[in-house]
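# Fold and contact review
Read off the chains here:
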Amino acid sequence: MNEAKSYNIKMEAATETDVEPPKTPRIRFNPEINLGHILQIIALTGAVITGYVSLQRDMASMRAEYQVAMAGFESRLTVAEHAIVERRQEDREFATEMRAALGEIQKGLNNLQMQLVERPRAK
C-alpha cells in the first residue's frame, strides 16, 4: 500500500490550471547574413535561371515543331490550290469545246430544217 501512495497519482480530471498554455514562438529579426543565407540565395537564383533556360528550350522546340507542321499544311494548301486552278482551266476548256460543238449542231439542225422545208416545196 505504501507503494501506491509514493507515485502521487491523481484520480481527478485535469483542470485548466494543470495544463500549460501553448507557447507561441517569438519571431525576432536578426540582421546577420551567414553562409546558409548566401547558399539559399544562390540555390534560388540557380533554380530561377535553370527554369528560364528550360522554358526557352521548350519554346524553341515547340516553335520548330510548329514551323514543320505549318510547312506541311502550306504545301498541302499549295497542291490543293493548283488542283483547283487546273480544274477551273479544264472546265473552261470543256465549256469552250461544248459551245463550239453546240454551234456546229445548231448549224446542222438549221441545214436539216432548211432541207426539210425545201423538200415539200419541190414536190
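Please read all numbers here as calculations on a predicted model, not as lab measurements.

### Quick word on the overall build of the protein
- Of regular secondary structure, the protein possesses two helices and zero strands.
- In the protein, which comprises 123 residues, the share counted as buried stands at 0%.
- A total of about 12,800 Å² of accessible surface is found on the protein, and carbon and sulfur atoms cover 60% of it.

### Thoughts on a nonpolar patch on the surface
- Taken together, the side chains of Ile 33, Leu 35, Ile 38, Leu 39 and Ile 42 present a nonpolar region at the surface, about 540 Å² in accessible area.
- Structurally, Leu 35 is set in helix H2 (residues 35-122).

### Observations concerning a negative patch on the surface
- A cluster of like negative charges, contributed by Glu 86, Glu 90, Glu 93 and Glu 97, occupies part of the molecular surface.
- Secondary-structure assignment places Glu 97 in helix H2.

### Some details on the pattern of salt bridges
- Taken as a whole and assessed by the stated rule, the structure comprises one salt bridge.
- Between Arg 87 and Asp 91 there is a salt bridge, with its nearest N and O atoms 3.4 Å apart. Placement of both Arg 87 and Asp 91 in helix H2 is noted, with a separation of four residues, approximately one turn of the helix.
- A relative accessible area of 53% places Arg 87 in the exposed class.

Definitions and limits used
Numbering of residues starts from 1 in every chain and runs along the sequence as written. With the structure being a predicted model, the display of local features is reserved for residues of pLDDT at least 70 and the display and counting of side-chain atom pairs for 80 or more, all residues being used for whole-chain, interface and lining totals. To obtain the side-chain values, all non-hydrogen atoms of the structure were included, while hydrogens and water were left out. Runs of H or I in DSSP of at least four residues are treated as helices and runs of E of at least two as strands, each being numbered from the N terminus. A 1.4 Å probe rolled over the protein chains alone gives each residue an accessible area, and that area as a share of the maximum for its type sets the label: buried under 20%, exposed over 50%, partly exposed in between. Each accessible area is a Shrake-Rupley result for a 1.4 Å probe, and residues are judged covered by the shown protein chains and nothing else. In this analysis, a patch consists of residues with relative accessible area above 30% that form no salt bridge, clustered at 9 Å for like charges and at 5 Å for the nonpolar side chains Val, Leu, Ile, Met, Phe, Trp and Tyr. Whenever a carboxyl oxygen of Asp or Glu lies within 4 Å of a side-chain nitrogen of Lys or Arg, that contact is scored as a salt bridge. His is not counted, nor are the chain ends; Lys and Arg add positive charge and Asp and Glu add negative charge. To locate a charge, take atom NZ for lysine, CZ for arginine, CG for aspartate or CD for glutamate.

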